[in-house]
Structures are given as structure tokens and as C-alpha cells.
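Remarks on the overall topology
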Amino acid sequence: MNSSPVGLHRVLEPPGVLPQAARRLDPDPRIAEDEVRVRLERLNLDAASYRQLHTAHDGDPDAIRAEVLQIIRTRGKMHNPVTGSGGMLIGVVDEAGPKSPLGLAPGMRIATLVSLTLTPLHITDDLRRWDGRGEQVPAEGHAILFARSIAAELPADLPAGLSLAVMDVCGAPALTHRVVAARTAPVVAVIGAAGKSGSLALAAARRAGAARTIGVVPFEAEAARLRAAGLADDVVIADARDPIALADAVGEPGADVTVVCVDVPGCEHGAILATAAGGTVVFFSMATSFSAAALGAEGLAADVTMLIGNGYAPGHAQMALDLLRTEPGVAKIFKERVEE
């Protein structure tokens, strides 16, 4: 098989686009010299994608499972057509091409650190072991990694489900740390702070030198969870979809850095209003409308820098795993989330 390091040869339609933008990919198990085939163990659906599927089917687990299976079979990848997001996976390397630069060998248990929206995927078990009630999906089948894909060997000291949950959001703490460390003792607000990416972002902000951290959550139950974890200096309750309420909760003059980790749409304007003049907003949610963010900042005359969290930074997986191991509050939140 002739191959492209970015996977162009796996695009079935439309021709000429990259795999993430494709409507359909070819998950043929035969690999090119620079590809890797992975035997699936578990998928981790993106939080925004799972929420959309859950809402669309009124929580019916059979209907959710059927739609996920239909998406994968139709598109050759897990690419939610509504949210545009996917997730990632864990599995065991079946075969690695002799020219693959990823350093993977047969038998290695790995997590992919690239989105399922660009990963050729084939399911063989109809997802029958998945109850449809959570983001982690036991699965049989295979996935294909390209020369430009990213993967990490699973750590031996952590349960696979816990590692998968951490690696799914490991871009959030890495970028948060970079942005916070570039400032002198900033105030950092994290919206959706009691979730997986939010808790990691809070821990990373504190480690990077934040003078004060504010954790924003929508309900008292989430606030209690976050207080018990001890990750935020202040915990406030606000609906992130209500711009005025969110800005009031964060308080004047706003945060120097605002990190958005929610999985619902409509939080762009509130995040902008909650950020001080000259501050930075990091959007780490696949539910974000980037046109709404750009036009909203213009309409509000907000002098803020807005960053898209792209999910990758050098060393991001190891940083996230280190935070899990060394921050009891992060470990507490993740164990509660994975067990739910």
C-alpha cells in the first residue's frame, strides 16, 4: 500500500482532504510500511459527543450504542457529525510497519493521543459489551495509526480505564501550564472545574504559578466535589451559558486566564466577559463555536487573546499522568468520574 504520513491514502471521500475532514476513511487492516495496526480494547468518547448522543436519544442506551456503531460503520472512524468530535482509544499493537517512526512494537499496550475523528476504525463485536451509559466503550476490532499519529504506552501502575480518562484530556493541563507560566502570578478561572480536564487544568495552573485559582461549576453537588478535592482557592456556582451570571461569579476585574472545559455549547460569551482586559481565554471544549467566540469578543469590545486547545503539546501525556499521581485532589476526582 502506498502511503502518506498524514493518512491521505486512507481517505475515501472526498478526495484530497486530510483524514479529519473526510466523510469516510478506509479501515482496511492491511498496513503500509509506515503504519501501525492496533487491536482495540476500549474507546473513550469525547465528552461533548457523548452528551449530544445522550440528549438526542433521551438517555436510551441501546439507541446510543446503535448510533455510535452506525457512525463508525458509515464513516470508517468515530466522528460525531453533530459535534464534530470523536475521542481516543486504548489497545494492543498487532503489527507495526518496518518504516513506522512511532517506536511501537507488537504486544505493546497503548493509548492513542490523536482524535478518533481521523483514526481509521473497524468494529467487529457490535459494541455488545458496552451498556451505553458512559463515555468508555469496550470494543473489539482494529484501528490504524499513521506515521504522523501519536501514541503512548500505558503505564503499568495505573488501571487502564483511569489512564484512558487522563490521556483523553491531557492537552488541557499542558497548555494551561504554558499560558499561566508566561504570566506573573495570574488569577486563573477554570469553567467546568470539577470535570476531568478542569481538575487537571486547575492543578496545572497552581503548579505554573497562579496566584489564585477560581473553579466554576454549575451545581452545588459539583461545588462540593471540587471543595473536597481542594484544587481551587475559590469555588463558585454559575451557569456558564449565562454571560452576566458567569462574569459576576468570577468577579471584577475578571481572570487573567480563563480556561473553558465544559461540554455544552453557548459558553463563549460568558468566558470572554469573565476575563480581564489583556487576558487570555483557552477554549478546551469541543462544544465551542469559534465563530461565536470571535464575533462575541468583537461585539463586547473585549481585548482578550483567545486560544484553541488543540490537544497536543510535547510531553502532555506525562505531565497529566504526573498530576494524577502527585495531586490527591486530581486523583480523587478522576477515580470518582471513572467509577460513575
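Refer to the preceding data block for the structure.
A short tour of the structure in this document, coming up. The structure displayed is predicted, hence computed values, not measured ones.

Now for the overall build of the chain. Scanning the chain from N- to C-terminus turns up eleven helices and 15 strands. Computed over C-alpha atoms, the radius of gyration of the chain comes to 20 Å, within 12% of the 20 Å expected from 2.2 N^0.38 for 340 residues, which places it in the range of a compact globule. Dimensions of the chain along its principal axes, counting C-alpha atoms only, are 60 × 40 × 40 Å. Residue burial in the chain is summarised as follows: out of 340 residues, 54% are buried. Of the contacts formed within the chain by residues at least 6 apart in sequence, a portion of 70% connects residues at least 24 apart. As displayed, the chain has an accessible area near 14200 Å², and 52% of this comes from carbon and sulfur atoms. Measuring between centres, the 31 positive side-chain charges of the chain sit 4 Å from its 40 negative side-chain charges.

As a further point, take the state of the cysteines. All told, the structure shown has zero disulfides when counted by the stated rule. Here Cys170 stays free of any disulfide, with the sulfur of Cys261 as its closest cysteine sulfur at 13 Å. On the basis of relative accessible area, Cys261 is assigned to the buried category, the value being 11%.

Further remarks concern the nonpolar core. The biggest cluster of nonpolar side chains holds 52 residues, and the ones touching the most others in it are Leu226 and Phe334. Formed by 27 residues, the second largest nonpolar core is a distinct cluster that contains Val38, Tyr50, Val68 and Val137.

Before going further, it helps to examine the side chain of Glu222. Mapped onto the elements of the fold, Glu222 is located in helix α6 (residues 220–229). Among all residues touching Glu222, those that are not within four sequence positions of it are Ala194, Val217 and Arg337.

This next bit is on the pairing of strand β11 (residues 212–217). Counting buried positions along β11 gives five out of six residues, so the element sits mostly inside the fold. With five bridges joining them, strand β10 (residues 187–191) and β11 adopt parallel strand pairing. Counted as the bridge partner of Val187 is Arg212 from β11. Crossover handedness for the path β10 to helix α5 (residues 196–207) to β11: right-handed. Here β11 runs beside strand β12 (residues 234–237); their pairing, made up of four bridges, is parallel. The partner of Ile214 across the bridge, within β12, is Asp234.

Along the chain, Glu13 connects to Pro14 via a cis peptide bond; the corresponding omega equals -15 degrees. Locating Pro14 in the fold gives a position in the loop between β1 (11–13) and β2 (24–25). Residue Pro253 is reached from Glu252 by a cis peptide bond, and omega for that bond is 0 degrees. Residue placement: Pro253 occurs in the loop between α7 (243–250) and β13 (255–260).

Our focus in this paragraph is the pattern of salt bridges. Applying the stated criterion across every chain, the model contains 24 salt bridges. Note that Arg65 and Asp62 form a salt bridge whose closest N and O atoms lie 2.6 Å from each other. Linking Arg65 with Asp62, this pair stays in helix α2 (residues 61–75), spanning three residues, or about one helical turn. We classify Asp62 as partly exposed; its relative accessible area is 48%. Put simply, Asp126 and Arg73 hold a salt bridge, and the shortest N to O gap is 2.3 Å. Highlighted residues: Asp126 in the loop between β6 (121–123) and β7 (136–138) and Arg73 in helix α2, separated in sequence by 53 residues. Linked through salt bridges whose partners overlap, the residues forming this network are Glu222, Arg225, Lys332, Glu336 and Arg337.

Rules used throughout
Residues numbered from 1 in each chain as written. Predicted model: local features only at pLDDT ≥ 70, side-chain atom pairs only at ≥ 80, totals over all residues. Heavy atoms only, no water. Helix = DSSP H or I, 4+ residues; strand = E, 2+ residues; numbered from the N terminus. Rg over C-alpha atoms; globule rule 2.2 N^0.38 Å. Buried < 20%, exposed > 50% of the residue type's maximum accessible area, 1.4 Å probe, protein only. Contact = heavy atoms within 4.5 Å. Areas by Shrake-Rupley, 256 points an atom, 1.4 Å probe, with all protein chains shown as cover. Lys, Arg positive; Asp, Glu negative; His and termini not counted. Charge placed at Lys NZ, Arg CZ, Asp CG, Glu CD. Disulfide = S-S within 2.5 Å. Core = buried A, V, L, I, M, F, W, Y, C linked by side-chain atoms within 4.5 Å. Pairing = 2+ DSSP bridges. Right-handed = clockwise from strand over helix to strand, strands pointing away. Salt bridge = Lys/Arg side-chain N within 4 Å of Asp/Glu carboxyl O.

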